Amino acid sequence: MQRYKVTLMYDGTAFAGFQRQPNKRTVEGVLTAVVNKIAKQPDPAIVVYGSGRTDAGVHALAQVVHFDLPFEIPAANMHRALNSMLPLDMEVAKVDLAAPDFHARYDVSGKRYMYRMDLGEFRNPFKRNYTGHWKFPVDVLKIQTALGDLIGEHDFTSFVASGAQTRTFVRTIYEATCRLDEVNDELVFEFYGNGFMYNQIRIMVGVLIEIGSGTRPVHDILRLYRVKDRKQAIRTAPAAGLYLKHVYYMGEDPEHPTKLPPHQR
């Protein structure tokens, strides 16, 4: 068996998320069908494993998956074959021949996400599928101050939507930034950590936007850690603004080389 590591981009607008679901168009479902067609196998004889799930409407600049074939196709040929058969809202950026023990999910050491928030007074129809929208004034310095409270290992119970399938809400965030893109009139957030849970980033962005708007104290994140109450961080930023930007594996990120522990995957 030859294992392939595939780095994939997709526009999440028309997908019901990454994970395969009956009677729904998903990234995993579309990719699995294409891989099995290339391999001339009955779907789903060959299973595709992703680095993690993305929700409906969420985009990826570098999702990582792996799958095994019972025969070897050169990586460059596989790259061309996949892109010739995938729909226009999916594109393979890179294909590598992987070691037999490589696992797209279990070998992850960190993930980086980006969130784009449009600050225009009115909703731009050409951005509606690719940004969140906030028309009220925000103080970027307040947001940047609050971001410091996210750094480190914390219990993010207040920042996780119901339905999260995990045994612990403790995660570590290595970097959290926000900058004003004056050209596009957007706030651009980036979050890099050892793992993120269901809706966690969208909830964190919702809290940060409220801090920037003055409806929450600058250091309210510290209080939310203590209360462990999702109802006190109710705003969830729209899925359209969220992008999976990079998935890190051991050896790719010397500063944070440790794999995500099993109970945090």
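Reading the values: the criteria
Residues numbered from 1 in each chain as written. Predicted model: local features only at pLDDT ≥ 70, side-chain atom pairs only at ≥ 80, totals over all residues. Heavy atoms only, no water. UniProt positions renumbered as here; feature names shortened; annotations may be inferred. Contact = heavy atoms within 4.5 Å. Helix = DSSP H or I, 4+ residues; strand = E, 2+ residues; numbered from the N terminus. Buried < 20%, exposed > 50% of the residue type's maximum accessible area, 1.4 Å probe, protein only. Polar contact = N/O pair within 3.5 Å; in protein donor to acceptor, adjacent residues only side chain to side chain. Arc of directions from axis to C-beta. Salt bridge = Lys/Arg side-chain N within 4 Å of Asp/Glu carboxyl O. Core = buried A, V, L, I, M, F, W, Y, C linked by side-chain atoms within 4.5 Å. Lys, Arg positive; Asp, Glu negative; His and termini not counted.

Draft legend 1. Fine view of the UniProt feature "active site" (unreviewed entry) in the protein chain. The UniProt record marks Asp55 with the feature "active site" (unreviewed entry), using the residue numbering of this structure. Here Asp55 is in contact with Gly17, Tyr198, Asn199 and Arg202, once residues within four sequence places are set aside.

Draft legend 2. Representation of the environment of Val92 in the model. Looking at where Val92 falls in the secondary structure, it is placed in strand E4 (residues 90-98). Looking at Val92, the relative accessible area reads 3%, which means it is buried. For the pair Val92 and Gly120, spaced 28 residues apart in sequence, the C-alpha to C-alpha distance is 33 Å. Sequence-distant contacts of Val92, defined by excluding residues within four places in its chain, comprise Val6, Thr7, Leu8, His79, Leu82, Asn83 and Leu86.

Draft legend 3. Molecular detail of the side chain of Asp89. Following the sequence through the fold, Asp89 ends up in the loop between helix H2 (75-85) and E4. Given a relative accessible area of 18%, Asp89 falls into the buried group. In this structure the side chain of Asp89 is engaged in a polar contact, spanning 2.9 Å, whose partner is the side chain of Arg25. Among all residues touching Asp89, those that are not within four sequence positions of it are Met9, Tyr10, Asp11, Ala14, Phe15 and Arg25.

Draft legend 4. View of helix H5 (residues 220-227). Those residues of H5 that fall on the buried side of the exposure criterion are Asp220, Ile221, Leu224 and Tyr225. Down the axis of H5, the buried set is contained in an arc of 150°. They therefore lie on one face. At its buried positions, H5 is contacted by helix H3 (140-147), strand E7 (152-155) and helix H4 (200-213). Of the residues trailing H5, Lys228 is marked for its positive phi of about 50°.

Draft legend 5. The pattern of salt bridges, seen in detail. All told, the structure shown has 14 salt bridges when counted by the stated rule. Between Lys127 and Glu186 there is a salt bridge; the shortest N-O distance is 3.0 Å. Taken together, the positions of Lys127 in the loop between strand E5 (108-118) and strand E6 (132-133) and Glu186 in strand E9 (residues 186-193) put the pair 59 residues apart, joining distant regions of the chain. You can call Lys127 buried: its relative accessible area is 13%. The residue Glu190 makes a salt bridge to Lys245 at a minimum N-O spacing of 2.5 Å. Remark: Lys245 occurs in strand E10 (residues 242-249) and Glu190 occurs in strand E9; sequence separation between them is 55 residues.

Draft legend 6. Broad picture of the nonpolar core. Counting 73 residues, the largest nonpolar core has Leu82, Leu150, Phe189 and Phe191 as its most contacted members. In this structure, Leu82 is in contact with Val6, Leu31, Val34, Val35, Ile38, Val92 and Val95, ignoring residues within four places of it in sequence.

Draft legend 7. Layout of the side chain of Lys111. Mapped onto the secondary structure, Lys111 falls in strand E5. The charged side chain of Lys111 is buried without a salt bridge, its nearest counter-charge being Asp55 at 11 Å. A distance of 2.9 Å separates a polar side-chain atom of Lys111 from the backbone oxygen of Ser51. The contacts of Lys111, once residues within four sequence positions are left out, are Ser51, Gly52, Phe191, Tyr192, Gly193, Phe196, Leu244, His246, Val247 and Tyr248.

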